Amino acid sequence: MSRNNQIMLDMLESWSNRAGVVNTTGDLLDWVQQLNETTKVSVRRTSVQEDSFWFYDDYKGEILNRKRSFFSIMGVRYFDNERFVSEQPIILQKEIGYLGIIVKKIHGVLHFLMQAKVEPGNVNCVQISPTIQATKSNFTRAHGGRLPYYFEYFEKAGENGTVLYDQIQSEQGSRFYGKRNRNIILLIEKEIPIYPNYKWMTLGQIKELMKIDNLVNMDTRTVLSGIPFVTCLHDAKVRERAGQFFTDSALMKSVFEADVADSMQKIMPVINDYKMFHDVDRIIVPLNQLVDWQVDEYGVTCRRDADFTVGYFDIHIHGREVQQWLQPLFCATGSADFVLFTRVHNGMREYLISLKPEVGCFDKVEFGPTLQSVPGHETQTERCLAEVLHRHLAEQTGILRDVILSEEGGRFYHEQNRNLIVEVADGECEACIAEDPGYQWVSYALLNYLVQVNNCLNIQLRNLISLIEI
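Position numbers for residues count from 1 along each chain, tracking the sequence in the order it is written. Reporting of local features is limited, given that this is a predicted model, to residues whose pLDDT is at least 70; pairs of side-chain atoms are given and counted only at 80 or more, and all residues count toward the totals for whole chains, interfaces and linings. Processing note: side-chain calculations cover all non-hydrogen atoms of the structure and skip hydrogens and water entirely.

**A short note on the overall build of the protein**
Phase 1: The numbering of helices and of strands both runs from the N terminus, where a helix is a DSSP run of H or I of at least 4 residues and a strand a run of E of at least 2. Looking only at helices and strands, one finds 14 helices and 25 strands in the protein.
Phase 2: In terms of overall size, the protein behaves like a compact globule, its C-alpha atoms giving a radius of gyration of 22 Å where 470 residues would be expected to give roughly 23 Å.
Phase 3: On the principal axes, the C-alpha backbone points of the protein span a range of 65 × 55 × 40 Å.
Phase 4: Three exposure classes are used, based on accessible area relative to the maximum for each residue type with a 1.4 Å probe and protein chains only: buried under 20%, partly exposed in between, and exposed over 50%. A buried classification covers 57% of the 470 residues belonging to the protein.
Phase 5: Long-range pairs, those at least 24 residues apart, make up 72% of the contacts in the protein with a sequence separation of at least 6. Radius of gyration means the value over C-alpha atoms here, while the globule rule gives 2.2 Å times the residue count to the 0.38 power. A contact between two residues is defined here by any heavy atoms of the two lying within 4.5 Å.

See the structure below:
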C-alpha cells in the first residue's frame, strides 16, 4: 500500500475516533471551561483618540496604524459590467498569514495539535484554533511580541515532516479585499514540546466539538476542509478498508467512485465563463468619499441598513504575545444563514454549490454554498431555495447539521452565523435552479479536489465542508 493511501486511511480512522486516546472529549471540554473561567479578557468599545498607534487619516480617508502594518481600512466601490452594485468599507491586508495544524500518530491514531485561543472579537472568549494562526506581522514580530509557538515547524515545513495539505485560500470576500492565508497540515514523527493552551485531539473529537456553538473557530474549519482524500489512487483493497469507517454509504461512494474528470469538464466552464464575460471593477476610494457611510472618532457607520459597522476597541487579553492594544473591528449588525443542500442521486451523495461573486473576491468569483445571503438581499433562485430550507426547518426533516459558528475573531466582533447542512429529496430543488447555471450538484470527491486548488471554493463553503460527517 502506498504511503498516501495509508495516510488517508489513518485520517479516516482518526475521523471515526470520537472517544479520544490522549484526552477524552470530556477532558477537552473541561479544559476549555477552565480557561474561560481563568483567562482575563476585557474588550470595550472606545474612541480612536484614546490611542496613539491606530489613527484615521482624513486626507487619505484611511484607518491605519503608525507602522503601516497589520491591515488598514478604506472604501471600495463595486461595479459589474459597468453597473454600480455597492460601496462599503473594506479591509486591506496584502500579507499572507499561516493557518497551520500539526498532526502526529500517537498510540497508533492520528492526532491534531490544537490551540485554545482568545481573539478580541470572539463571542465566548476561548475557541479551538489551529496549531499556528499568525499573520505575517505576527511572525515578523512587527508588533514587538514573541514569536508564535511552533512557527519554526511551518517555516521550513518540508524539512520538519510530511506536508499533507498546503494551499493559499481566500478569506471573506465581503469584508477583505483579496485577502488570503496559507492553509497547511503538517505530519510530523518526532517528539515536540506541548506548550500551555495546546492539546492533542483526534479528528473525530474536533468534529464533535464543532457541534457546539462557537467552540471551534473559523480558521480551524477552513484548514480541516482541505484534508486530502482524492489525491492518490484507491484500489479495491483500499476502498474495502476505508469502508469500515463510513456509516454513510452514499458519502463513501461520493468519495471513492465519483468521476472527478467528467465533473470538472462540466463545472469549470461555469466559473470561467463568469470570470471571462463579467467585467468587474473594484475601485478603492477614501472612506470619506463613500456616499452612504460616515466616519467619526468611534468608527464608520452606514446611513442606511448595512450588514456591519466599524468600531474601535480597547483590548486586554492575558497570555497573548501582546496583552494590551487598540484596534478597529468589523461589527456585524445581524447574522446570516450559510446552507449546504445535499441529496443522494443514483446512490451517490451530492452537494449543491453556487457561484458567489463578492466585492473583495481575489479573482471575481468562487463557488460557495447553496445559500449564503442576508435576508432582503436574495436573488430569485435564492428565494426559491430558501423556501425549500424553511419547509425542512418547519418540518424538522433532513437537518444533518445546524450550528451557530463564529467568524474570524481577530477582525470581526461577535460575528456569528448559522451553518446548516440539509438533505433534500432527489429532484426537490430542480425547479429552483433550472434556469440558473450558477448552481451545480457535485460529489464530495470534486469538492475535495477543488479545495486542493486556491480560489475555487469560498470560505463559507469550506467551513461547511468541514462539518460533514462520515
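**Overview of the pairing of strand S5 (residues 83-92)**
Phase 1: Two elements, strand S4 (residues 72-80) and S5, share nine bridges in a ladder whose sense is antiparallel. What sits directly across from Asp 80, in S5, is Arg 83.
Phase 2: Between S4 and S5, which pair antiparallel in sequence order, lie two residues; one of them, Asn 81, sits at a positive phi of approximately 50 degrees. We treat two strands as partners when DSSP finds at least two bridges between them.

**Side note on helix H2 (residues 25-38)**
Phase 1: Counted at 1.5 Å a residue, the expected span for H2 with its 14 residues is 20 Å, and the 20 Å between its end C-alpha atoms agrees.
Phase 2: Where H2 is concerned, the buried positions are Thr 25, Leu 28, Trp 31, Val 32 and Leu 35. Buried residues of H2, viewed axially, fall in a sector of 120 degrees; they line one side.
Phase 3: Next to the buried residues of H2 lie strand S7 (109-118), strand S8 (126-129), strand S12 (198-201) and helix H6 (203-209). What a helix should span is 1.5 Å times the count of its residues minus one. The arc in question is the one traced by the directions running from the helix axis out to the C-beta atoms.

**Things to note about the nonpolar core**
Phase 1: Among buried residues, those of type Ala, Val, Leu, Ile, Met, Phe, Trp, Tyr and Cys that are joined through side-chain atoms within 4.5 Å constitute a nonpolar core. Counting residues in hydrophobic clusters, the biggest one holds 91 residues, and the most contacted among them are Leu 12, Phe 112, Ile 128, Phe 229, Phe 367, Tyr 444 and Leu 457.
Phase 2: No other element matches the six residues that helix H1 (residues 3-16) contributes to this core.
Phase 3: Counting residues in hydrophobic clusters, the runner-up holds 19 residues, among them Val 48, Trp 54, Leu 287 and Phe 308.

**Observations regarding the state of the cysteines**
Phase 1: To count as a disulfide, a pair of cysteine sulfur atoms needs to be within 2.5 Å. Counting across every chain of the model gives one disulfide.
Phase 2: Each sulfur in the disulfide pair Cys 384 and Cys 432 lies 2.1 Å from the other. Residues Cys 384 and Cys 432 are joined through a disulfide that is left-handed, its torsion about the S-S bond being -65 degrees. Here Cys 384 is found in helix H11 (residues 380-395), whereas its partner Cys 432 is found in helix H12 (residues 430-433), with 48 residues between them in sequence.
Phase 3: Owing to a relative accessible area of 10%, Cys 432 belongs among the buried residues under this scheme.
Phase 4: Considering cysteine sulfurs only, Cys 331 is the nearest to Cys 125, which forms no disulfide, with 18 Å between them.
Phase 5: Looking at Cys 125, the relative accessible area reads 16%, which means it is buried.
Phase 6: We note that Cys 429 lacks a disulfide partner, and the nearest cysteine sulfur, in Cys 432, lies 5.8 Å from it.
Phase 7: Taking the relative accessible area as the measure of exposure, Cys 429 reaches 1% and is therefore buried.

**Describing the side chain of Asn 183**
Phase 1: As for its position among the elements, Asn 183 is in strand S11 (residues 180-188).
Phase 2: Polar contacts involving the side chain of Asn 183 include one to the main-chain carbonyl oxygen of Asn 181, which spans 3.1 Å.
Phase 3: Here a polar contact means two N or O atoms within 3.5 Å. Within protein one must be a hydrogen donor candidate and the other an acceptor candidate, and residues neighboring in sequence count only if both atoms are side-chain atoms. Within the local environment of Asn 183, its side chain forms a polar contact with the side chain of Thr 222, the two groups lying 3.0 Å apart.
Phase 4: For Asn 183, the contacting residues outside a window of four places in its chain are Leu 99, Tyr 165, Asp 166, Gln 167, Gln 169, Thr 222 and Val 223.

**What to know about the pattern of salt bridges**
Phase 1: Salt bridges are defined by distance alone: a side-chain nitrogen of Lys or Arg within 4 Å of a carboxyl oxygen of Asp or Glu. Summed over the entire model, instances satisfying the criterion amount to 23 salt bridges.
Phase 2: Among the ionic pairs, Glu 469 bridges to Arg 18, the shortest N-O distance being 3.1 Å. Placement of the pair is Glu 469 in the segment after helix H14 (459-465) and Arg 18 in the loop between H1 and H2, with a sequence separation of 451 residues.
Phase 3: By relative accessible area, which is 33% here, Arg 18 ends up partly exposed.

The values are spatial; any link to function lies outside them.
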